[in-house]
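These are the residues of each chain, in order.
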Amino acid sequence: GLYFSLLMKKAHPHYEITVFERNPADATYGWGIVFSDRTLEAFREADYKTYQEITRNFVVWETIETRLRGERLRCQGHVFAGIARRTLLRILQKRCEELGVNLVFNHEISVPPSFSEVDLLVGADGVNSLIRRCFASAFQPRLTTHRNRYIWYGTTCPFENFTFIFQENSHGVFQAHIYPFEGALSTFIIECDEATWRRAGLGEMSESESIAYCQALFAEHLRGHPLLSNRSRWLSFTTVRCRRWSHERCVLIGDAAHTAHFSIGSGTKLAMEDAIALANALDLCGHDISTALAFYELERRPAVESLQEAAQRSLTYFENVHRHMHFDPIPFVFRLLTRSGRVDYLDLARRDRRFVHR
């Protein structure tokens, strides 16, 4: 919502644009955000000033490390960058204020405004979107809740690369998805299947008990560093798909319109790319809102659905990772890196010939 607003205000300074946010300005409930090198190119073209600020605060890596049964395997050539979610919010809020976007915080909307009050209503309000619910008959959403459980922690333990850890105990198989994003801070997502989660008793544990269990489980890799909670709780991932993304003068972007499992990319990345596409469509079509919204969806939907298909394959892999735990480390990592279909043998050979040769 912030990114779309600043793009539109920059292109049309006379537009009156207001962002309503239910939380305080500095509130965020995640840790780091990951962007690929291709996403950064789109940011550079859309608004160079925010691109500069974002990249100035980046932690960049190009290696994926996998830890399995005491072995550490690395594959290079995967260029990604991480940034603190709070830092990104601050950059976008500052740019909105510079351009004259009206930001209203601590404002919960229970009923959306009527279409007579606005030229365009943008629902950038996440997985549990109020806007999507209010016009559900038009958007026709389909929400699928998946089997695995996951929890989103941070840690002060420094990780140099994107790191997968696969850890077994008497309760089952756990995997951690870890990446650096600011100084020595890293995001530390822990995932397991429903049966493992129940056997471990994690559903009955308090926040502190859950942290203690996970710290003990990954103690070898945390090296005495704590896991950090930010209202962290165990969740089941929900895939959101909508038959339509727009209705009259209302449009959905980001998680309100679609979600893709965190194992393949950032929801923030998708949402910001949506914002660019929507702003471009409105610039192209001028005051013809209905044509602009149709063009936005026509342009953006194929890319989103392609990523959602790859994310579904990745999600299915992690739901069934126990089936691969008997593999030797090299074929295990090869299967892990090619799980979504977006990277294959030839891609890996171009990225890291030595790894593929091994």
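Here the residue index of a chain counts from 1 through its sequence in written order. The model is predicted, so local features are restricted to residues of pLDDT at least 70 and side-chain atom pairs to those at 80 or more, both for listing and for counting; the totals for chains, interfaces and linings are taken over all residues. The side-chain values count all of the structure's non-hydrogen atoms but skip hydrogen atoms and water molecules.

Draft legend 1. Expanded view of the packing of helix 1 (residues 2–11) against helix 10 (residues 267–285). Every axis corresponds to a line fitted to the C-alpha atoms, with the helix fit spanning only the stretch in contact, and the corresponding angles, defined between N-to-C directions, vary from 0 to 180 degrees. We count a stretch as a helix when DSSP gives it H or I for four or more residues in a row; a strand needs E for two or more, and each element gets its number in order from the N terminus. For the pair helix 1 and helix 10, interaxial distance at closest approach is 8 Å and the crossing angle is 30°. By the angle class used here, helix 1 and helix 10 are roughly parallel. Seen from above, helix 1 lies across helix 10 with right-handed handedness. Residues Tyr3, Phe4, Leu7, Met8 and Ala11 of helix 1 pack against Met272, Ala275, Ile276, Leu278, Ala279, Leu282 and Asp283 of helix 10. Put simply, Ala, Val, Leu, Ile, Met, Phe, Trp, Tyr, Cys and Pro go in the nonpolar bin, Asp, Glu, Lys and Arg in the charged bin, and everything else, Gly too, in the polar bin. Taken together, the residues that form the contact of helix 1 with helix 10 break down as eleven nonpolar, no polar and one charged. Oblique is the label for every angle not falling under 35 degrees (roughly parallel), over 145 degrees (roughly antiparallel), or within 65 to 115 degrees (roughly perpendicular). By convention, the crossing between two helices is left-handed when the near helix turns anticlockwise from the far helix through less than a right angle, and right-handed when the turn is clockwise. Contacts are assigned to residue pairs with any non-hydrogen atoms lying within 4.5 Å of each other.

Draft legend 2. Molecular detail of empty space enclosed by the protein. Using protein atoms alone on a 1 Å grid, points that fit a 1.4 Å probe yet trap it form a cavity, whereas open point sets bounded by protein on both sides within 12 Å along at least five of seven lines form a pocket; residues with an atom within 4 Å of a point count as lining. Grid points are joined across faces, edges and corners, and a volume is the space filled by probe spheres set on the points. Per the counting criterion, the structure on display carries three cavities of 30 Å³ or more. In this model, the largest cavity occupies a volume close to 50 Å³. Around the largest cavity, the lining residues are Asn148, Val173, Gln175, Cys192, Asp193, Phe318, Glu319, Val321 and His322. A per-class count over the lining of the largest cavity returns four nonpolar, three polar and two charged.

Draft legend 3. Structural view of the layout of surface pockets. Roughly 200 Å³ of internal volume is contained in the second largest pocket. In terms of lining, the second largest pocket is formed by Ala42, Glu273, Ile276, Ala277, Asn280, Ala281, Phe295, Glu299, Arg300 and Ala303. A per-element tally of the lining of the second largest pocket places helix 10 first, with five residues. A per-class count over the lining of the second largest pocket returns six nonpolar, one polar and three charged.

Draft legend 4. Main features of the pattern of salt bridges. One speaks of a salt bridge when a side-chain nitrogen belonging to Lys or Arg is within 4 Å of a carboxyl oxygen belonging to Asp or Glu. The full count for this structure, using the stated rule, is 17 salt bridges. The shortest N-O distance in the salt bridge between Arg95 and Asp47 comes to 3.0 Å. Of this pair, Arg95 sits in helix 4 (residues 85–99) while Asp47 sits in the loop between helix 2 (37–46) and helix 3 (48–56), and the two are 48 residues apart along the sequence. Comparing Arg95 with Asp47 shows no difference in burial state: the two are buried. With a closest N to O distance of 2.7 Å, Arg67 and Glu65 form a salt bridge. Burial here depends on accessible area, computed with a 1.4 Å probe over protein chains only, as a share of the maximum for the residue type. Under 20% is buried, over 50% is exposed, and the range in between is partly exposed. For Glu65, a relative accessible area of 2% translates into the label buried. Several salt bridges share partner residues, and in doing so they unite Lys10, Asp47, Lys49, Arg95 and Glu98 into one network.

Draft legend 5. Representation of the sheet that holds strand 13 (residues 246–247) within the structure. Strand pairing is defined by DSSP finding a minimum of two bridges between the two strands. With respect to topology, three strands assemble into an open sheet ordered 6-14-13, the strand pairing being mixed. A strand with exactly one partner marks an edge of an open sheet, and here the two such strands are strand 6 (121–123) and strand 13. Pairing analysis gives two bridges linking strand 13 to strand 14 (residues 250–252), with the strands arranged antiparallel. Each residue of the ladder has a partner; that of His247, found in strand 14, is Cys250.

Draft legend 6. Fine view of helix 11 (residues 289–319). Helix length check: helix 11, at 31 residues, gives a terminal C-alpha distance of 42 Å against a target of 45 Å (1.5 Å per residue), a fit within 8%. For a residue, the bend is simply the angle between two axes, fitted respectively to the seven-residue segment ending there and the seven-residue segment starting there. Where helix 11 bends most, at Arg300, the angle is about 35°, and the proline Pro302 comes one to four residues later. Multiplying 1.5 Å by the residue count of a helix minus one yields the expected span of that helix.

Draft legend 7. Spotlight on unusual backbone geometry. A positive phi angle is found at Arg69, which is not glycine, with a value near 45°. With respect to the secondary-structure elements, Arg69 resides in the loop between strand 3 (59–68) and strand 4 (71–84). Assessed through its relative accessible area of 45%, Arg69 is described here as partly exposed. For Gln140, which is not glycine, the phi dihedral falls at a positive 50°. Structurally, Gln140 can be placed in the loop between helix 6 (136–139) and strand 7 (141–155).

Draft legend 8. Broad picture of the environment of Glu273. Looking at where Glu273 falls in the secondary structure, it is placed in helix 10. As a C-alpha pair, Glu273 and Gln76 span 197 residues in sequence and 26 Å in three-dimensional space. If we ignore the near neighbours within four places in the chain, the residues touching Glu273 are Thr39 and Arg300.

Draft legend 9. Spotlight on helix 12 (residues 329–337). Within helix 12 the residues assigned to the buried category are Pro329, Phe332, Val333, Leu336 and Leu337. In a view along the axis of helix 12, the buried residues occupy a sector of 125°, so they form one face of it. Throughout, the arc means that of the directions going from the helix axis to the C-beta atoms.

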